[in-house]
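# Geometric and topological summary
What follows is the residue order along each chain.
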Amino acid sequence: MENIIIIGIIAVVVAVAILHTVKHFRGKGGCCGGGSSYKPPKKKLPSTLYQKTFKVEGMHCDHCKNRMEEAVNDIPGVAGSVDLKKGQVTVSYAQDVSDEVIRAKIQRAGYAVVE
């Protein structure tokens, strides 16, 4: 009888883990607390001098996208837009800002910039 209870508990835990894994890879679940309907406000720049794209690893879901956009948009004079499928952050510059400032902000948000 004890073995049946233990096997039942293990089966439930495995089923829940599989469900969350499938949601994660379909982009519907939160790998890092996602699933929220929160969208960060879009940042409008008065003018754009140039754009640069950064390849970023570690973004998996809408929560990651929102977190990354907020981090980049927090920098004065720049606005960021994330493409999850490509794993890229496109940064628009209204003023000169060092790439190191952008990279540091991305890394502080918990992601890695790939050269």
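This write-up is about the structure you can find in this document. Just so you know, these numbers come straight off a predicted model, no measurement behind them.

### As for the environment of Ala112
Structurally, the position occupied by Ala112 is in strand S4 (residues 112-114). Using a relative accessible area of 34% as the deciding quantity, one classes Ala112 as partly exposed. Once the C-alpha coordinates of Ala112 and Lys55 are considered, the two residues, 57 residues apart in sequence, prove to be 8.5 Å apart.

### Considerations on the nonpolar core
One broad rule of soluble globular proteins: the nonpolar side chains tend to lie buried together. With 20 residues, the main nonpolar core has Met68 and Ile102 as its most contacted residues. For this core, the secondary structure elements donating two or more residues are strand S1 (50-57), helix H2 (62-73), strand S2 (78-83), strand S3 (88-93) and helix H3 (99-108). Ranked by residues supplied to this core, first place goes to H2 with four residues.

### Description of the packing of aromatic side chains
Here the structure, examined in full by the defined rule, presents one aromatic pair. An angle of 15° between the planes, with centres 4.5 Å apart, marks the rings of Tyr50 and Tyr93 as stacked. Here the residue Tyr50 occupies a position in strand S1, and Tyr93 occupies one in strand S3, the gap between them amounting to 43 residues. Its relative accessible area of 0% is what places Tyr93 among the buried residues.

Reading guide: rules and limits
Residues numbered from 1 in each chain as written. Predicted model: local features only at pLDDT ≥ 70, side-chain atom pairs only at ≥ 80, totals over all residues. Heavy atoms only, no water. Helix = DSSP H or I, 4+ residues; strand = E, 2+ residues; numbered from the N terminus. Buried < 20%, exposed > 50% of the residue type's maximum accessible area, 1.4 Å probe, protein only. Core = buried A, V, L, I, M, F, W, Y, C linked by side-chain atoms within 4.5 Å. Phe/Tyr/Trp six-rings, centres within 6.5 Å; stacked < 30°, edge-to-face > 60°.

The quantities given are spatial measurements derived from coordinates; they are silent on function.
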